[in-house]
Amino acid sequence: MRIRLLSPATLRTHLQHSGVIMFLTRVFGRRLFSTARSETSAGWAAVRTAHNPLEEFFEADRNPEEEKPVVYGRSWKASELRLKSWDDLNKLWYVLLKEKNMLMTQRQMLHAQNLRFPNPERLPKVRKSMCRIKHVLTERAIEDPDPRRTAEMKRMINAL
């Protein structure tokens, strides 16, 4: 099985059809999906597009005077991930990887400016979800009766 990388617009379209997009927007906010604009969804019209690809490594500025505090979700449970297909887990892995890179970049930038990293509990949630995805994929590889296929799947999982 080959892993192929998807463009942000294609990834969003696939995730919208699988129902994952609604859950992820509630958990991580719309910032994850703001890099490309979908013509099929009117709800995404208000989301800004990044002019510089490096902007994807930084979270959108939020107004500190907003009434509602931003609430971030929990990490994925292994039982939820076991219900997902290989492709959905692959897509979710790259969404979480992008989120992890964005959070680590933001943390490093703020640390260099001697500023406090807001919501430091987000990074462990993303890491925990990524570990659980690897665990679920490893379980599937072990259950495969073909030893060659099991070895190939384990190599792919370890490459993540």
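Notes on the structure follow. Source: prediction; values computed, not measured. (Residues numbered from 1 in each chain as written. Predicted model: local features only at pLDDT ≥ 70, side-chain atom pairs only at ≥ 80, totals over all residues. Heavy atoms only, no water.)

### What to know about the overall build of the chain
Here is step 1 of the chain: Across its full length, the chain carries six helices and zero strands.
Here is step 2 of the chain: Across the 160 residues that make up the chain, the buried fraction comes to 33%.
Here is step 3 of the chain: Across the chain, the fraction of contacts at a sequence separation of at least 24, relative to all contacts at a separation of at least 6, is 61%.
Here is step 4 of the chain: Of the roughly 10500 Å² that the chain leaves accessible, carbon and sulfur atoms contribute 55%. (Helix = DSSP H or I, 4+ residues; strand = E, 2+ residues; numbered from the N terminus. Buried < 20%, exposed > 50% of the residue type's maximum accessible area, 1.4 Å probe, protein only. Contact = heavy atoms within 4.5 Å. Areas by Shrake-Rupley, 256 points an atom, 1.4 Å probe, with all protein chains shown as cover.)

### Regarding the packing of aromatic side chains
Here is step 1 of the chain: The tally for this structure, following the rule as stated, stands at zero aromatic pairs.
Here is step 2 of the chain: Against the face of Tyr72 rests Arg122, its NZ or CZ located 3.9 Å from the ring centre. (Phe/Tyr/Trp six-rings, centres within 6.5 Å; stacked < 30°, edge-to-face > 60°. Lys NZ or Arg CZ within 6 Å of the ring centre and 35° of its normal.)

### Description of the nonpolar core
Here is step 1 of the chain: With 22 residues, the main nonpolar core has Leu81, Leu89, Leu92, Leu96, Leu103, Ile133 and Leu137 as its most contacted residues.
Here is step 2 of the chain: Those elements that provide at least two residues to this core are helix H3 (78–81), helix H4 (86–112), helix H5 (122–143) and helix H6 (147–159).
Here is step 3 of the chain: Here this core gets eight residues from one element, more than from any other, and that element is H4.
Here is step 4 of the chain: The contact partners of Leu89, leaving out residues within four places of it in the chain, are Leu81, Lys84, Ile133, Val136, Leu137 and Arg140. (Core = buried A, V, L, I, M, F, W, Y, C linked by side-chain atoms within 4.5 Å.)

### Digging into the side chain of Ser75
Here is step 1 of the chain: With respect to the helices and strands, Ser75 occurs in the loop between helix H2 (20–28) and H3.
Here is step 2 of the chain: Note on Ser75: relative accessible area 12%, which makes it buried.
Here is step 3 of the chain: Separated by 3.2 Å, the side chains of Ser75 and Arg132 make a polar contact.
Here is step 4 of the chain: Contacts of Ser75, omitting those with residues within four sequence positions, involve Lys125, Lys128, Ser129 and Arg132. (Polar contact = N/O pair within 3.5 Å; in protein donor to acceptor, adjacent residues only side chain to side chain.)

### Here we look at the environment of Pro118
Here is step 1 of the chain: Relative to the helices and strands, Pro118 is located in the loop between H4 and H5.
Here is step 2 of the chain: C-alpha of Pro118 to C-alpha of Leu103: the two residues are 15 residues apart in sequence and 9.9 Å apart in space.

### As for the pattern of salt bridges
Here is step 1 of the chain: This model, assessed by the stated rule, comprises four salt bridges.
Here is step 2 of the chain: The closest approach of N and O atoms between Arg74 and Glu80, which form a salt bridge, is 2.5 Å.
Here is step 3 of the chain: According to the relative accessible area criterion, Arg74 is partly exposed, its value standing at 37%.
Here is step 4 of the chain: Between Arg122 and Glu99 there is a salt bridge, and its shortest N-O distance comes to 2.7 Å. Of this pair, Arg122 sits in helix H5 while Glu99 sits in helix H4, and the two are 23 residues apart along the sequence. (Salt bridge = Lys/Arg side-chain N within 4 Å of Asp/Glu carboxyl O.)

### With respect to unusual backbone geometry
Here is step 1 of the chain: With a phi angle near 55°, Asn114 is a residue other than glycine that sits in the positive phi range.
Here is step 2 of the chain: Looking at where Asn114 falls in the secondary structure, it is placed in the loop between H4 and H5.

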